Amino acid sequence: LGAASGIVAGLVVITPASGFVGPGAAIIMGLLVSPICYLAILMKGKLGYDDTLDAFGVHGVGGAIGALL
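Since the structure is predicted, the reported quantities are computational estimates derived from the model, not experimental observations.

## Observations regarding the side chain of Asp54
Next up, step 1: Summarising the element assignment, Asp54 is placed in the loop between α2 (23-47) and α3 (55-68).
Next up, step 2: If sequence neighbours within four positions are ignored, Asp54 has contacts with Ile41, Lys44 and His59.

Encoded structure:
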């Protein structure tokens with residue numbers, strides 16, 4: 001499940017920038033966002049909100065970082 005979330009995080013981060021970056025930059029973006037999304041998923045337990053599918057931790061945080069990068 002963790003590997004699948006990491007793969008999805010990489011795809012989510014590159015989606016906003018897909019028309020502007022090459023493959024090398026896409027790989028770097030994926031490597032940068034994976035630990036950040038993992039930390040966002042860990043914060044779910046500390047903040048106590050219900051997110052069964054980790055949608056906010058992966059899609060919300062990953063998409064926002066992708067848009068900023």
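## Concerning the nonpolar core
Next up, step 1: In this structure, Ala9, Val13, Ile14, Ala17, Met29, Val33, Cys37, Ala40, Ile41, Val58, Val61 and Ile65 together form the largest nonpolar core, which totals 12 residues.
Next up, step 2: At the level of secondary structure, the elements contributing two or more residues to this core comprise α1 (2-14), α2 and α3.
Next up, step 3: Take this core: its biggest share by element is 5 residues, from α2.
Next up, step 4: Non-local contacts of Ile14, meaning those with residues more than four positions away in its chain, are made with Val21, Ala26 and Met29.

## What to know about the packing of aromatic side chains
The geometry of an aromatic ring pair comes down to the distance between the two centres and the angle between the two planes.
Next up, step 1: Applying the stated rule across the entire model yields 1 aromatic pair.
Next up, step 2: Consider the rings of Tyr49 and Phe56, whose centres lie 6.4 Å apart with planes at 85°: the pair is edge-to-face.

## Overview of the pattern of salt bridges
Next up, step 1: Going through the model one piece at a time under the given rule, you end up with 1 salt bridge.
Next up, step 2: When the shortest N-O distance is used, the salt bridge between Lys44 and Asp54 registers 2.6 Å. Separated by 10 residues along the polypeptide, Lys44 in helix α2 and Asp54 in the loop between α2 and α3 bring together distant segments of the chain.
Next up, step 3: Relative accessible area serves as the criterion here: at 12%, Asp54 is assigned to the buried category.

Rules of the game
- Residues numbered from 1 in each chain as written.
- Predicted model: local features only at pLDDT ≥ 70, side-chain atom pairs only at ≥ 80, totals over all residues.
- Heavy atoms only, no water.
- Helix = DSSP H or I, 4+ residues; strand = E, 2+ residues; numbered from the N terminus.
- Contact = heavy atoms within 4.5 Å.
- Core = buried A, V, L, I, M, F, W, Y, C linked by side-chain atoms within 4.5 Å.
- Buried < 20%, exposed > 50% of the residue type's maximum accessible area, 1.4 Å probe, protein only.
- Phe/Tyr/Trp six-rings, centres within 6.5 Å; stacked < 30°, edge-to-face > 60°.
- Salt bridge = Lys/Arg side-chain N within 4 Å of Asp/Glu carboxyl O.

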